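Each chain, written out:
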Amino acid sequence: MENDNKENEQQINVELSEEMAEGVYSNLAMIAHSNSEFILDFIRLMPGVPRAKVKARIIITPEHAKRLIAALKDNINKYEDQYGPIQSSQDNEPTFNFPISFGGPGGEA
């Protein structure tokens with residue numbers, strides 16, 4: 001019976017280009033939704049620069065959003081089992097103050 005399930009599973013080959021494998025750094029995510037999709041904007045904030053840029057936008061269905069949450073929870077649990085609890089700045093601060101700038105000199109070209 002178990003072999004029948006394995007035969008019914010499709011295998012997906014995922015290609016990862018060299019450029020995509022480098023990844024994109026993001027230190028802020030903003031999430032919006034409609035009745036049919038979730039929009040995840042991954043943003044990079046730079047110290048002293050009053051503007052932030054969206055580095056990637058991912059649009060997914062509500063079902064995939066729920067799967068993403070489950071996968072993140074599973075991976076966070078595995079991470080914490082191996083490396084210990086992840087410290088969150090929200091643990092120490094009751095509210096999150098969105099920084100307009102990190103201080104320091106402003107960005108100049």
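Residues numbered from 1 in each chain as written. Predicted model: local features only at pLDDT ≥ 70, side-chain atom pairs only at ≥ 80, totals over all residues. Heavy atoms only, no water.

A. Region of the structure containing the packing of aromatic side chains. Tallied over the entire structure, the rule returns one aromatic pair. The interplanar angle of 45 degrees and the centroid separation of 4.8 Å between the aromatic rings of Y79 and Y83 together place this pair among those described as tilted. Here the residue Y79 and the residue Y83 both occupy positions in helix α3 (residues 62-83), the gap between them amounting to four residues, near one helical turn. For Y79, a relative accessible area of 41% translates into the label partly exposed. For Y83, a relative accessible area of 56% puts it in the exposed group. (Phe/Tyr/Trp six-rings, centres within 6.5 Å; stacked < 30°, edge-to-face > 60°. Helix = DSSP H or I, 4+ residues; strand = E, 2+ residues; numbered from the N terminus. Buried < 20%, exposed > 50% of the residue type's maximum accessible area, 1.4 Å probe, protein only.)

B. Quick look at the pairing of strand β1 (residues 28-33). Judged from the six bridges that link them, β1 and strand β2 (residues 38-44) form a sheet pairing that is antiparallel. When the sheet's bridge partners are listed, H33 is paired in β2 with F38. (Pairing = 2+ DSSP bridges.)

C. Summary view of the side chain of D41. Structurally, D41 can be placed in strand β2. A residue is classified by how much of its surface remains accessible, and D41, at 12% relative accessible area, is buried. A polar contact is formed between the side chain of D41 and the side chain of R57, at a distance of 2.6 Å. Excluding residues within four positions of it along the chain, D41 makes contact with L28, A29, M30, V54, A56 and R57. (Polar contact = N/O pair within 3.5 Å; in protein donor to acceptor, adjacent residues only side chain to side chain. Contact = heavy atoms within 4.5 Å.)

D. Layout of the sheet that holds β2. Pairing within the open sheet is antiparallel, and its three strands lie in the order β1-β2-β3. In this open sheet, the two strands that pair with only one neighbour each are β1 and β3 (53-60). Strand-to-strand twist in this sheet, taken as the mean axis angle between neighbours without regard to direction, amounts to 20 degrees. One ladder, built from seven bridges, connects β2 with β3; its direction is antiparallel. Paired with D41 across the strands is R57, a residue of β3. Running at roughly 110 degrees to β3, α3 makes contact with β2 and β3 of the sheet. (Axes fitted to C-alpha atoms, helices over the stretch in contact; angles between N-to-C directions.)

E. Highlighting the pattern of salt bridges. Taken as a whole and assessed by the stated rule, the structure comprises three salt bridges. Here D41 ties to R57 by a salt bridge, and the two come within 2.6 Å at their closest N and O atoms. A residue pair is termed long-range when its members are at least 10 positions apart, and D41 in strand β2 and R57 in strand β3 qualify at 16 residues. Among the ionic pairs, K78 bridges to D74, the shortest N-O distance being 3.1 Å. One end of the pair is K78 and the other is D74, both in helix α3 and four residues apart, which spans about a single turn. (Salt bridge = Lys/Arg side-chain N within 4 Å of Asp/Glu carboxyl O.)

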